[in-house]
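# Chains, contacts and geometry: an overview
This is what each chain is made of:
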Amino acid sequence: MKLVVVWLGLMLLSGCSSNDWQVRSIPNEAAIAAALDDQLDNVAVADFDLLGYPKARMPQAVRPCCAFGTGHKVKVGPTTIPFYRFANTVALDDIGPHAFEAGNFSHQKGLPDGSRGGENNGMIYTQQGGFIDLAHVRDTADNTVALFYLIQRQLGESFQVTLPDEIGPRHIQFQAVDTSAMSATERRELAIHLAARQAYFMAEAHEIAQWHGYRTLAPWSEEVSAYSPEDLYSNMLGAKIAIALLSNNLTMNTELYNQHMTQWLAASLAYLQPVDKAVTNELFAVIDGHWWDSSQPLPSKDLLIKRHYQLGDKQSPYLVPSTLISAATDGESLMQSIDSGAQAKTLSLLREYNGIALDEIAVQHLSVAPKYQPSFNHIPAHLWQQGFTHADFSDIARHDEIADLEQAQKVEQ
């Protein structure tokens, strides 16, 4: 038990850092003229450049949450810890203030005059977005903001952004593009959408890395979370929120970003119709044996039954089917807690902006380090041996799915 607590503590501490920034808007002549005119032109006034590009670097670690399901047993080596269950569900009102690149030990203010608190990440079920992993939402939002500031200052040039290693070195290569005819606002928007796509692709790469043996903390396998059904939808939700914050110029310093991310996260979840914590727990019970197996302890890969291998820039959530709910022991009562008319909310990212195909000017490259190469033996060599890009992610996920299906068939035999 103590060992598990130590491991979890180290994972939480690894997310804490000091990564502050400050930027200022510099109006051009047209913006000044519009501001001083008798008839205010809001579009012209908003056409400004950013000065003092921040010291913000890419976040170096993901937040430590969450295996799909709740009330998990935990196994250390060959021993399952008796009387211990790891619960990870939260209610909307439980969610704490956001902290850029932070674990659960961070304490921020959700409002300028508010009290400090931790992020309190976990799982929450929403009736339009299915299960949401808050750590994934926050991670991709942070990566989007960090990438934006790294891209904005070099946009138009050929340059690279180095990303933290996972299964090997990785970077994003940006090609030169003519932005001379663009307004400052259009340049910012281009940088925003490039950042969001690449931050989301980082999340896809993380799913692949977990399947192939990557571990944030060496003793703790993460295969149980690879291609988890809620992960990529949660990541894309984070990218979409970050796009809104950047487009509204709400990220010009760390505290401003943290406070607005706190409010937009809560409002976005409220829009997706969250249920309370008890109902989230009941819904996990409903899908026990269908989507996950509560008899399997963490970190067993067999705990997760349903996996989501369909990568791509358009994601739809998994909603718990009403047939499973109504068949549950207390299904009739539970159905009364669910809006039968709620529809799944599909999320997507722009592929093109202002006539520019985003994936033609920004490509994420990954290499496979020797220690991970044996885990790729089931994948054709041409897809990975010389490295691969985000355009190959879907093919790699498809081969991982086939490998999982073959393994499941062997177990059944």
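Scroll up to find the structure this text is about.
Residues numbered from 1 in each chain as written. Predicted model: local features only at pLDDT ≥ 70, side-chain atom pairs only at ≥ 80, totals over all residues. Heavy atoms only, no water.

Bringing the packing of aromatic side chains into the picture now. Within the structure shown, the criterion is met by 19 aromatic pairs. Ring geometry for Phe68 and Phe131: centres 5.4 Å apart, planes at 80°, overall edge-to-face. One end of the pair, Phe68, is in the loop between strand E2 (48-51) and strand E3 (75-76); the other, Phe131, is in strand E8 (residues 130-133), and 63 residues separate them in sequence. Each member of the pair Phe68 and Phe131 is classed as buried. Ring centres 4.7 Å apart and planes at 65° place the aromatic pair Tyr125 and Phe131 in the edge-to-face group. Phe131 carries the same exposure label as Tyr125, and that label is buried. Among the aromatic residues, those joined into a cluster by ring pairs are Phe68, Tyr125, Phe131, Phe284, Trp291, Trp292 and Tyr318. One cation-aromatic arrangement involves Arg188 over Phe48; the distance from NZ or CZ to the ring centre is 4.1 Å. (Phe/Tyr/Trp six-rings, centres within 6.5 Å; stacked < 30°, edge-to-face > 60°. Helix = DSSP H or I, 4+ residues; strand = E, 2+ residues; numbered from the N terminus. Buried < 20%, exposed > 50% of the residue type's maximum accessible area, 1.4 Å probe, protein only. Lys NZ or Arg CZ within 6 Å of the ring centre and 35° of its normal.)

The next point concerns the side chain of Asn88. Mapped onto the secondary structure, Asn88 falls in the loop between strand E4 (79-80) and strand E5 (108-109). Polar contacts involving the side chain of Asn88 include one to the main-chain carbonyl oxygen of Ala67, which spans 3.0 Å. Excluding residues that lie within four positions of it along the chain, Asn88 makes contacts with Cys66, Ala67, Gly69, Thr70, His72, Gly122 and Met123. (Polar contact = N/O pair within 3.5 Å; in protein donor to acceptor, adjacent residues only side chain to side chain. Contact = heavy atoms within 4.5 Å.)

So, about the sheet that holds strand E15 (residues 362-366). If you walk across this open sheet you meet the four strands as E9-E10-E15-E16, and the pairing is antiparallel. The open sheet has two edge strands, strand E9 (159-163) and strand E16 (388-389), and neither has a second partner. Bridge count between strand E10 (residues 170-174) and E15: five bridges; the pairing is antiparallel. Paired with Arg170 across the two strands is Leu366, which belongs to E15. Contacts from helix H4 (residues 134-152) reach E9 and E10, with the element oriented near 155° to E9. (Pairing = 2+ DSSP bridges. Axes fitted to C-alpha atoms, helices over the stretch in contact; angles between N-to-C directions.)

The subject of this paragraph is the side chain of Asp404. Relative to the assigned elements, Asp404 resides in helix H12 (residues 393-412). Owing to a relative accessible area of 15%, Asp404 belongs among the buried residues under this scheme. Engagement of the side chain of Asp404 in a polar contact is seen with the side chain of Trp211, the distance being 2.9 Å. Residues in contact with Asp404, not counting those within four places in the same chain, are Trp211, Lys301, Arg307 and Tyr309.

Time to look at the environment of Leu250. Here Leu250 shows up in the loop between helix H6 (231-247) and helix H7 (254-271). Using a relative accessible area of 16% as the deciding quantity, one classes Leu250 as buried. Those residues in contact with Leu250, other than ones at most four positions away along the chain, are Leu245, Leu256, Tyr257, His260 and Trp264.

Excluding glycine, residues mostly have negative phi values, and the peptide bonds linking residues are mostly trans. The residue after Leu298, namely Pro299, is reached through a cis peptide bond having omega 5°. With respect to the helices, strands and loops of the structure, Pro299 is situated in the loop between helix H8 (277-286) and strand E11 (314-315). Its identity is not glycine, yet Tyr227 carries a phi of approximately 60°, on the positive side. When its relative accessible area of 1% is taken as the criterion, Tyr227 is described as buried. Non-glycine residue Gln273 carries a positive phi angle of around 65°. On the basis of relative accessible area, Gln273 is assigned to the partly exposed category, the value being 22%.

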